[in-house]
Structures are given as C-alpha cells and as structure tokens.
Amino acid sequence: MSSIAILQSWLEALWFFVPISAANQSSGWARKAGLWLMDKPVSEKLFGTDKTVGAYYAAPLGAVATLYLQAFWSGVCNDIGLFDYQRSDLWRVGLMMGFGVVAGDYGASAIKRWKELPQGAPFWPVDQLNYVVVGIAFVSPIVWVGWGRAIFLLAFAFPLHYWGNQLGYWLRLRKVPY
C-alpha cells in the first residue's frame, strides 16, 4: 500500500469519526450547559452516576449536527467521505451513530459495574473500542463501509480515543483524561 493510500485511509477514518467523536463528547457539552436530564442517572447500580438520561438525546443530536456541518464541505466529503453526505436520510445516519455511541458507552459501564471496577477506572481496551464497535454496528445497516475499512476504523480508534479524551479533558468536559 502506498503512502498516499495510507494517508487517504487515515483521512477517511478521521472524517468518519468526527460525528462519532462529537456524539461521544456531547453529553459533556450538554452537562456543562445544564441541559435537561443531564444530571439524572439512568441507573446508578447498573451504569454508575455519570451515565445520564440526557445522553440519549445529546449524543444523537451531536452526531446529526456534526454530519450536517460536514455536509457543507462537499469537496472534502467527495474526497475522503466514506458515504454520500448529501443523502436525504443523513439525519438517520447521525441518529444511529449517536445511539450507537450511547449503547457502547453504557454497555461498557455495565460491564465495569459487573466486574466491580470503580466508576471512571480505565478498562483497556473496552474504553477505547466500545463506542466505535457499537457505533459502526448501529450505522452499518444504513452505511456499510466494508470489512477492510471497519477493521481499519477499529485500529484507528485507539489513537483517536486518546486524542479525543485529551481534548475533552482539556475543555473540562471529562473528569479524567483517559
């Protein structure tokens, strides 16, 4: 694989992950803004106190809004987009990305509680992959990127998770930098 092709794959993965990452950070933004239900835990016993009802609207809305912002850059979408950003059901893609992020994150939290890990404790590699695996799974019936790209996206998730969490921590949207 040429270095140009590798760069193209990295850019495609990054562009695909922007709305997933925005969905992953949207609960933090909504909590900071004091939005509705961002302080109401879904189930403290099952997920811990930081998994709130508000994430079920914040993450999908964050992904939808980000996809529509990306769609404004049609040249970029044509060059590195993995699907048609001008599609009429772009909102469905965003909803599925957002709900996938929530399902992956909350599923990982449930496993942490089951394993009796303290809230906020690192749980490698589940923390790095949960939102990506489930996000891709949820959006796959609408937008399938192929097995090769899906595997590449999973590999790309590790550095992206690190960068995204560092940014979220720096912006004071996350309590921990991991």
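Here, the structure is the one placed above.
Residues numbered from 1 in each chain as written. Predicted model: local features only at pLDDT ≥ 70, side-chain atom pairs only at ≥ 80, totals over all residues. Heavy atoms only, no water.

### What to know about a nonpolar patch on the surface
Part 1 of the argument: Taken together, the side chains of Met1, Ile6, Trp10, Tyr162 and Trp163 present a nonpolar region at the surface, about 610 Å² in accessible area.
Part 2 of the argument: Looking at the nonpolar patch, the elements that each hand over two or more residues are α1 (3-33) and α7 (147-170).
Part 3 of the argument: For tyrosine 162, the location among the structural elements is in helix α7. (Patch = residues over 30% accessible without salt bridge, like charges linked within 9 Å, V, L, I, M, F, W, Y side chains within 5 Å. Areas by Shrake-Rupley, 256 points an atom, 1.4 Å probe, with all protein chains shown as cover. Salt bridge = Lys/Arg side-chain N within 4 Å of Asp/Glu carboxyl O. Helix = DSSP H or I, 4+ residues; strand = E, 2+ residues; numbered from the N terminus.)

### Description of the packing of helix α6 (residues 126-139) against α7
Part 1 of the argument: α7 packs onto α6 with a crossing angle of 140 degrees between their chain directions and a minimal axis gap of 9 Å. Comparing their axes, α7 and α6 come out oblique. Of the two elements, α6 crosses α7, and the hand of that crossing is right-handed. The residues of α7 that touch α6, namely those facing Asp127, Gln128, Leu129, Tyr131, Val132, Val133 and Ile136, are Ala150, Leu153, Leu154, Ala157, Phe158, Leu160 and His161.
Part 2 of the argument: Per-class residue counts for the contact of α6 with α7 are 11 nonpolar, two polar and one charged. (Axes fitted to C-alpha atoms, helices over the stretch in contact; angles between N-to-C directions. Parallel < 35°, antiparallel > 145°, perpendicular 65-115°, else oblique. Left-handed = near helix turned anticlockwise from the far one by under 90°. Contact = heavy atoms within 4.5 Å. Nonpolar A, V, L, I, M, F, W, Y, C, P; charged D, E, K, R; others polar.)

### Observations regarding the side chain of lysine 51
Part 1 of the argument: By secondary structure assignment, the location of lysine 51 is in the loop between α2 (44-47) and α3 (55-71).
Part 2 of the argument: Separated by 2.9 Å, the side chains of lysine 51 and aspartate 105 make a polar contact.
Part 3 of the argument: Residues in contact with lysine 51, not counting those within four places in the same chain, are Lys40, Pro41, Val42, Asp105, Tyr106 and Ser109. (Polar contact = N/O pair within 3.5 Å; in protein donor to acceptor, adjacent residues only side chain to side chain.)

### Quick word on unusual backbone geometry
With the exception of glycine, the majority of residues adopt a negative phi angle, and the majority of peptide bonds are in the trans configuration.
Part 1 of the argument: The omega torsion of the bond from tryptophan 124 to proline 125 falls at -5 degrees, within 30 degrees of zero and hence cis.
Part 2 of the argument: Among the secondary structure elements, proline 125 is positioned in the loop between α5 (90-114) and α6.

### Comments concerning the packing of α3 against α5
Part 1 of the argument: The N-to-C vectors of α3 and α5 enclose an angle of 140 degrees; their axes lie 7 Å apart at closest approach. Taken together, the axis directions place α3 and α5 in an arrangement best described as oblique. In terms of crossing hand, the pair formed by α3 and α5 is right-handed. Between α3 and α5, the residues in contact are Ala55, Tyr56, Ala59, Pro60, Ala63, Val64, Leu67, Tyr68 and Ala71 and Leu90, Trp91, Val93, Gly94, Leu95, Met97, Gly98, Phe99, Val102 and Tyr106, respectively.
Part 2 of the argument: Of the residues contributing to the contact of α3 with α5, the split by class is 17 nonpolar, two polar and no charged.

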